Structures are given as C-alpha cells and as structure tokens.
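Read off the chains here:
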Amino acid sequence: MNGLDGKVAVVTGAGSGIGRATALRFAAEGASVVVADIAEDEGKETVELIEDDGGAATFVDVDVSDAESVQRMVDTAVETYGGLDFANNNAGILTGFAEVTDIEEENWDRLLDVNLKGVWACMKAELPVMEEGGGGAIVNTASEAGLVGMGGLSSYVASKHGVVGLTKSVALEYAGRGVRVNAVAPGPTETNIQANSRGGSADPSSMPFDTSAMVNVPMGRAAKPEEMAGAIAFLCSDDASYITGHTLPVDGGQAAD
Ligand code: NAD
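Residues numbered from 1 in each chain as written. Predicted model: local features only at pLDDT ≥ 70, side-chain atom pairs only at ≥ 80, totals over all residues. Heavy atoms only, no water.

1. With respect to the nonpolar core
Counting residues in each nonpolar core, the largest one holds 34 residues, and the members touching the most others are V70, M73, L84, M123 and I138. Of all elements in the fold, only β1 (8–12), β2 (32–37), α3 (67–81), α4 (105–132), α5 (154–174) and β6 (179–186) reach the threshold of two or more residues within this core. Tallying contributions element by element places α4 first for this core, with nine residues. Discounting residues that sit within four places of it in the chain, L84 has contacts with V8, A9, V10, V74, A77, E126, V129, M130 and G135. (Core = buried A, V, L, I, M, F, W, Y, C linked by side-chain atoms within 4.5 Å. Buried < 20%, exposed > 50% of the residue type's maximum accessible area, 1.4 Å probe, protein only. Helix = DSSP H or I, 4+ residues; strand = E, 2+ residues; numbered from the N terminus. Contact = heavy atoms within 4.5 Å.)

Quick look at the structure:
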C-alpha cells in the first residue's frame, strides 16, 4: 500500500481484535507502531507478534477516557519514533443489551467516556503533532451502529453516531491543514468485544454479534478483523489522498440493504 513504509502509527485498543489486526497490518506495510491498550498483557503480545514478523512496535498503557494518559501515548510516539503520521482511534467497549430506561448511569458514562470522549482525546493529542510534522491521516473506528439505530443498544449507538459526527467536523477543521480524518463502520466482526462487554442484561442472544445477526448481512458472514485492518490502512495510505470526512461501511453489504 502506498505511503505507509517508514511512517509512524498509533493504534488504540491494539491488544485485541480490530486494533491488533490493524497494528499488525501497519507494521507489515513498514510503519513503526505504537500499540496502545488498557490491557497490558494483550498489548505486549501484539508487540511480540509484530517483532516476530520483523516489524517495529512499542507498547503504551493507555486509558483513552483519560486525556492525560492519551497525551502520554502521543508523547511516546514522538519520543520513540520522532513523530506521528497515522492514528487508528479504535478502542471501544460494548455494554450488554438494555432498554434506555434500564441503563445504569455508571454504564452510560463509562461507555460514552471510552467510545466518544476517547476519540476526541486522541485527536486532540494527535492533530498538533501531525500538523507540525507536515500532515497525516486519522481513522476512527465507528460502527454500523454509527449509521442506524439499534434497539437495546442506545448508549453504544449514541457513542458511535457521535464518532461519525466528530469525524466529519474535525475533517473540515483540518482539510486545508494536511490531515485527513475518516472513520470505518465495521459490521459484525469476529473479536473479543462481546466477551469484554459489561452491564445491561448481557443476554448473548440479544447481542448484535451472535450468529442470528448474520441474517442482516448480505454476504452472510461476520468479518475477520483483518478485513477492517485493510480498509483502515487504505484510508491512511496515499491511495486515499482525496478522501476526508467520510465513514466507510465495511459490513458485507449491510448499509446498502
Ligand atoms: P475487542 O474487545 O476485541 O478489542 C478492544 C480493545 O480495546 C481491547 O484490547 C481492550 O482492552 C481495549 N480497550 C477497552 N477499553 C479501553 C480503554 N479505555 N483504553 C484503551 N484501550 C481500551 O473489540 P473490537 O471488536 O476489536 O473493537 C474495536 C472497535 O471496533 C471498537 O471501537 C468497537 O466498538 C468497534 N466495532 C466492533 C465491531 C465488532 O463486531 N467486533 C463492530 C463494529 C464496531
């Protein structure tokens, strides 16, 4: 892919799922990768996988809902690799299925803090470094839930609609300043997000990622995390040099239905 070799990328939530696959993909394309996650063991495992493949990576312990912690993540990129060119602001959580009146305030706050405030905090820290370095590209991980409503998942849906709106607005702010800002909207993807979800009824049969959800996917299957990584790498690459402010559904045709 054009324009990734020799660059520096940060990926949040890179200890698992889509983030891990994206970190591995950036490294395979020749970028040095800051692997950022709240889960230290999993993040360090991603670094090992990259190094085993001959790539360069470093782990940073980050809670994306904490702006100071996020600033340290970006500082690490600059101190370790001399700058920052790309970011996939990807860390996210899913709470269990709950109607709006059953959502606990604590769960609402935590989900919005990680999924929406976290993306803002990352961009706030990343953008000045990218601009100063002559430009860059950001891809935020939204969701199909950022494009349509889903009963029982209103806090998650609200957070992901927020990510889509934030992406559009920041793209406009930076369109003339060398930084492109896009998002991906994954459909159901085989990751640990369901196992990692907390709160709500946590009834697996009502979660969006079990096999019953696949009837809504025209391609009839869930995605592999690597299929998200490919789209994220493309949006960072020079092949996407005139694309900014968009949310790309990577969803087996779901958004077209
Ligand atoms: P995952 O649970 O496999 O990975 C998420 C990673 O984020 C984990 O390593 C976790 O430790 C990390 N994380 C959680 N909270 C964090 C925090 N506060 N700070 C830093 N790291 C944190 O899930 P995934 O499916 O790979 O999710 C990645 C993104 O993709 C999320 O934003 C999710 O909403 C989005 N997404 C996933 C799907 C899907 O079907 N899996 C669909 C649409 C969107």
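2. What about the pairing of β2?
For β2, the buried fraction is high: six of the six residues fall into the buried class. As defined by bridge partners, β1 adjoins β2 across five bridges and the pair is classed as parallel. Opposite V8, over in β2, you have S32 as the bridge partner. Remark: the β1/helix α1 (residues 17–28)/β2 crossover connection has right-handed handedness. With five bridges connecting them, β2 and strand β3 (residues 57–61) associate as parallel partners. Across the sheet, V35 pairs through a bridge with F59, a residue of β3. Between the parallel pair β2 and β3, the chain is carried across by helix α2 (residues 40–52), and the sense of this crossover is right-handed. (Pairing = 2+ DSSP bridges. Right-handed = clockwise from strand over helix to strand, strands pointing away.)

3. Points about the side chain of S155
Within the element layout of this structure, S155 appears in helix α5. Not counting residues within four places of it along the chain, the set of residues in contact with S155 comprises T95, I103, W108, L111 and L112.

4. Description of the packing of aromatic side chains
This model, assessed by the stated rule, comprises one aromatic pair. Each ring, one from F26 and one from F86, has its centre 6.2 Å from the other, and the planes form 10°; the classification is stacked. Of this pair, F26 sits in helix α1 while F86 sits in strand β4 (residues 86–89); the two residues are 60 residues apart in sequence, bridging distant segments of the chain. Note on accessibility: F26 and F86 belong to one class, buried. The side chain of R177 reaches across the aromatic face of Y174, ending 4.0 Å from its centre. (Phe/Tyr/Trp six-rings, centres within 6.5 Å; stacked < 30°, edge-to-face > 60°. Lys NZ or Arg CZ within 6 Å of the ring centre and 35° of its normal.)

5. Some remarks on the environment of S241
Along the chain, S241 turns up in the loop between α7 (225–236) and β7 (247–250). Overall, S241 belongs to the exposed group, its relative accessible area being 53%.

6. With respect to the sheet that holds β2
Sheet architecture is open: seven strands sit in the order β3-β2-β1-β4-β5-β6-β7, paired in parallel fashion. Since the sheet does not close on itself, it has two edges, and those belong to β3 and β7, each with one partner. Recorded for the sheet is a direction-independent mean angle of 20° between the axes of neighbouring strands. Of the strand pairs in this sheet, β6 and β7 are connected by four bridges, and their pairing is parallel. Counterpart to P186 in the pairing with β7 is V250. Along the sheet, α7 makes contact with β4, β5 (136–141), β6 and β7, crossing β6 at roughly 165°. (Axes fitted to C-alpha atoms, helices over the stretch in contact; angles between N-to-C directions.)

7. Describing the environment of M123
Residue position: M123 is located in helix α4. Note: C-alpha distance between M123 and G92 (31 residues apart in sequence) is 15 Å. In this view, M123 contacts N89, P128, I138, N140, L166, V170 and V181; residues no more than four positions away in its chain are not counted.

8. Quick notes on the site of the ligand
Taken together, the neighbourhood of the ligand is formed by 31 residues, with S16, D37, Y156, T189 and T191 sitting nearest. The side chain of D63 places a nitrogen or oxygen atom 2.9 Å from a nitrogen atom of the ligand. Contact with the protein chains covers 97% of the free accessible surface of the ligand, which is 830 Å². At the level of secondary structure, the elements contributing two or more residues to the shell around the ligand comprise α1, α4, α5 and α6 (193–196). Here the residues of the shell around the ligand sort into 14 nonpolar, 13 polar and four charged. (Near = heavy atom within 4 Å. Polar contact = N/O pair within 3.5 Å; in protein donor to acceptor, adjacent residues only side chain to side chain. Areas by Shrake-Rupley, 256 points an atom, 1.4 Å probe, with all protein chains shown as cover. Nonpolar A, V, L, I, M, F, W, Y, C, P; charged D, E, K, R; others polar.)

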